[in-house]
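# Architecture at a glance
Each chain is listed here by its residues.
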Amino acid sequence: SSRLPEDTVIYSIYPDNPLSQDSLQSLHLQILNAVSPFTTSYIWQHEPFTLSIAFHPFPHLKGHLRFGDNLNDEWFTVFLLFRISVAFPSVSIQVHDSDGEFLLIEAAYHLPRWLNPENSQNRAFIRRGKLHIIPQSALPNPTLTESLNFLIENEQAAVAPDSMQSVIQNRIAGYPEKAKLNTHSVRVRVPVSVARVFKHAPALISLAVEGFYDRDMDSMKHAAKMERFLKGGKGGEEEMVTVAVKMSRAMYAQLMQQRFQAPKCYPMPPKKGDLEAELGMKIACGFEMMYQEKKKEGEEGKGSGWKKYKDSLEKSGYFEGLIPGSNEYKRLMENAEEYYKNSSLFSKTREMLNAPVRQIDEILSLPYSANEFKNEDAPPSDDDSWLYSGEDELNSALQDRQKEMELYELKRKKKKSKEQKDTGASSSLKGDDFDLSELVNTMQGFIHKMSSYEGAEVPNDRDPKEVELDVERFMKDVESVMKYQGDENVTRDMDDDGGSSDMDFGADSNLLMKAADESEDGSDMSDHEDGEDSFMHSYSDVMNNELKSTSLKKSFVHANEQTSVKNEGTSNATEDMDEEFSPVDVDVNLVKNLLDSFACQQGLPGPTSNLLGLMGVNLPKDDNKGK
């Protein structure tokens, strides 16, 4: 499917039970007969709804349809697939296009939160007239076989929510009547040869319009000669007749929007502005260009089949980086063309390309004249005001989408508000009334309520006994290690022998060990109710002494910083600051770091806004930025 044009819808029909080839062919015919009442009179943009039998990875039916500029073809195909699923309840249908799972895209505002483009493969199916989605809880990464088996065994568990069903059903509502409204009938004046083709094969209008709309310089050379539809380019020998032609609205718009100068050999009336003659000329030239191009491609047997084959050779490195046009490149190309002509793909492609050419030749091989059309009164053209009033339809569609978006946003805000209330946090801190002290209290409440040594917000599915820590035992163990005094001679001997301690605290740790020794030898332990106090005081003093020689203190706001600011210029105040590592103002530092981090986000999502949002706090925007 990756090689198909972008404007193509691909669909597959999978029977519940494995079928033999004969049974699969029977199902194939039954499905085509079931949809034929809806498709018989429908004018497709490029190609009709078809099905073919496939055996990989297992027997099923598949098809693809190029809808081009006519999105009605795509949604009419979806309507047909839903009807097939109702008429044949023992099948599951998969459909997608170049955008992916476009049914899920259509219902984007109603999707489950876990569903996204990355995990949507092999999840969306049509079955018994409803959209089904394979739940992630049942199959995290489903294969096609696993999904089909799940649908058979647990069909009700996969039915999509009613909101999604409603969106899809509203999109295909009105079909098949809507398909008839998409048809536009117009009177045109064309050569009698073109009129005869219309009479016996009206569906070929799609190929004619496509030939005209997608024309290039090479195909326009055929229109300049008109060898097939004007008796060798002699326009005077070909009679002109007026007939009614049915086409899709998209085709009519394509013909109307492009200006095209009539070939010199084509008979145009002297009166300018004749819409019937102008449209007829474009259609006749489209037939000529399509016929000659299909005939040429059929003789060469190339077309899209050859392009696919050539692309596969290039991807496999067949040309080995050779420059196109070089002798070696030409030699390899000739070998590839020879092999392709002897393949089954060549014969199938040639037969497919020759089909419309052969059909036109058969129609024009029998005698015909303008007399068979003179007694037929062509009905007047349909009103084409829709071509110029599309703005109203577009605005209506945009309004529907806007309402859908507003409803989605309303539901999202209600859900968010409910989550904020559940956390018990305050979300009233806005604008000029924002209180920084309340931010500190909220953070402290969050820490005391939602965090511990086990972490913050332990998931519900985890065992709370998974992490166990006896804090008192842990502190005593640390204290015993720090107070431990080994024999200096033994330690020296170990060092001399190349031994090392498992707990290497670095050179500066000697200060800490010394402080612990002094505290133990010079203090009367009976003066303390608990030995831990002596350890913690000694540990804190040594830590402060070590940090005094670093610049770490400059990164914090201290309790006496305002005092030092007031006494700025007084050397004594500065000396006092250096002599003692002043305590840190925890609350001020908390607010300062949060605000700095929030400012660095520059209005974008980040850790600070996410954390504060979890607590229900929304910091106000900096309206004075840049002033």
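Everything numeric here is computed off the predicted structure, so don't read it as measured data.

### Some points on helix α5 (residues 162–172)
Within the sequence span of α5, burial applies to Met164, Gln165, Val167, Ile168 and Ile172. Down the axis of α5, the buried side of the element spans an arc of 160°, and every buried residue falls inside it. The exposed residues of α5 that point more than 90 degrees off its buried face are Asp162 and Asn170. Directly beyond the C-terminal end of α5, a positive phi value near 100° is found at glycine 174.

### Overview of unusual backbone geometry
Cis geometry is adopted by the peptide bond preceding proline 57, which originates at histidine 56 and carries an omega value of 0°. Position of proline 57 among the secondary structure elements: in the loop between β2 (52–54) and β3 (60–66). Cis rather than trans, the peptide bond between tyrosine 175 and proline 176 has omega equal to 10°. Of note, the phi angle at asparagine 122 is positive, near 60°, even though the residue is not glycine.

### Remarks on the confidence of the model for the protein chain
Averaged over every residue, the pLDDT of the protein chain is 76; the share at 70 or more is 69%. Between residues 425–432, whose pLDDT stays under 50, and residues either more than four places distant or in other chains, the model counts 15 contacts. Considering only residues more than four positions removed or in separate chains, one finds that residues 485–516, a stretch of pLDDT under 50, has 17 contacts.

### Things to note about the pattern of salt bridges
Taken as a whole and assessed by the stated rule, the structure comprises 12 salt bridges. Across the salt bridge formed by aspartate 16 and arginine 127, the nearest N and O atoms sit 2.7 Å from each other. You can see aspartate 16 sitting in the loop between β1 (8–15) and α1 (21–39) and its partner arginine 127 sitting in strand β5 (residues 124–127), a full 111 residues away along the chain. The pair formed by aspartate 16 and arginine 127 is uniform in burial state, with each residue classed as buried. Glutamate 328 is the salt-bridge partner of arginine 331, the closest N and O atoms lying 2.5 Å from each other. Here arginine 331 pairs with glutamate 328, and both are found in helix α13 (residues 327–341), just 3 residues apart, close to one helical turn. Taken together, the shared-partner salt bridges in this structure form one network comprising Asp16, Arg127, Arg128 and Glu155.

### Describing the packing of helix α8 (residues 205–213) against helix α10 (residues 249–257)
The interhelical angle for the contact between α8 and α10, taken along N-to-C directions, is 35°, at an axis separation of 10 Å. Pair α8 / α10 crosses with left-handed handedness. Here Ile205, Ser206, Val209, Phe212 and Tyr213 of α8 lie close against α10, whose contacting residues are Met251, Gln254, Leu255 and Gln257. Taken together, the residues that form the contact of α8 with α10 break down as 6 nonpolar, 3 polar and no charged.

### Topic: helix α2 (residues 71–87)
Counted at 1.5 Å a residue, the expected span for α2 with its 17 residues is 24 Å, and the 25 Å between its end C-alpha atoms agrees. Among the 17 residues of α2, 12 are classified as buried, and the element is accordingly described as predominantly covered.

### Digging into the side chain of threonine 8
Among the structural elements, threonine 8 can be located in strand β1. On the basis of relative accessibility, which here comes to 1%, the residue threonine 8 falls in the buried class. Leaving out residues up to four positions away in the same chain, threonine 8 has contacts with His64, Leu65, Arg66, Phe67, His96, Asp97 and Ser98.

### Points about a nonpolar patch on the surface
Side chains of Phe474, Met475 and Met536 sit close together on the surface and give an oily, nonpolar patch of about 270 Å² of accessible area. You can see methionine 475 is positioned in helix α18 (residues 471–483).

### Details of the packing of α2 against α5
Contact geometry of α2 with α5 gives a least axis separation of 9 Å together with a crossing angle of 115°. Considering only the axes of α2 and α5, their crossing is left-handed. Residue-level contacts link Trp75, Val78, Phe79 and Phe82 of α2 to Ile168, Gln169, Arg171 and Ile172 of α5. A breakdown of the residues in the contact of α2 with α5 according to their chemical character gives 6 nonpolar, 1 polar and 1 charged.

### Notes on the nonpolar core
Core analysis: the biggest nonpolar cluster contains 47 residues, and Ile205, Phe229, Met247, Phe287 and Ile360 have the highest contact counts within it. Sort the elements by how many residues they give to this core and helix α11 (residues 275–300) lands first, with 9 residues. Those residues in contact with phenylalanine 287 that lie beyond four places of it in its chain are Val194, Val197, Phe198, Leu204, Ala208, Phe229 and Ile360. One finds Tyr11, Leu24, Leu61 and Ile93 within the second-largest nonpolar core, a separate group that totals 42 residues.

### Thoughts on the pairing of β3
One ladder, built from 6 bridges, connects β1 with β3; its direction is antiparallel. Paired with isoleucine 13 across the strands is leucine 61, a residue of β3. Between the antiparallel neighbours β2 and β3 lie 5 residues.

Quick notes on the rules
- Residues numbered from 1 in each chain as written.
- Predicted model: local features only at pLDDT ≥ 70, side-chain atom pairs only at ≥ 80, totals over all residues.
- Heavy atoms only, no water.
- Buried < 20%, exposed > 50% of the residue type's maximum accessible area, 1.4 Å probe, protein only.
- Helix = DSSP H or I, 4+ residues; strand = E, 2+ residues; numbered from the N terminus.
- Arc of directions from axis to C-beta.
- pLDDT = per-residue confidence, 0-100.
- Contact = heavy atoms within 4.5 Å.
- Salt bridge = Lys/Arg side-chain N within 4 Å of Asp/Glu carboxyl O.
- Axes fitted to C-alpha atoms, helices over the stretch in contact; angles between N-to-C directions.
- Left-handed = near helix turned anticlockwise from the far one by under 90°.
- Nonpolar A, V, L, I, M, F, W, Y, C, P; charged D, E, K, R; others polar.
- Expected span 1.5 Å × (residues − 1).
- Patch = residues over 30% accessible without salt bridge, like charges linked within 9 Å, V, L, I, M, F, W, Y side chains within 5 Å.
- Areas by Shrake-Rupley, 256 points an atom, 1.4 Å probe, with all protein chains shown as cover.
- Core = buried A, V, L, I, M, F, W, Y, C linked by side-chain atoms within 4.5 Å.
- Pairing = 2+ DSSP bridges.

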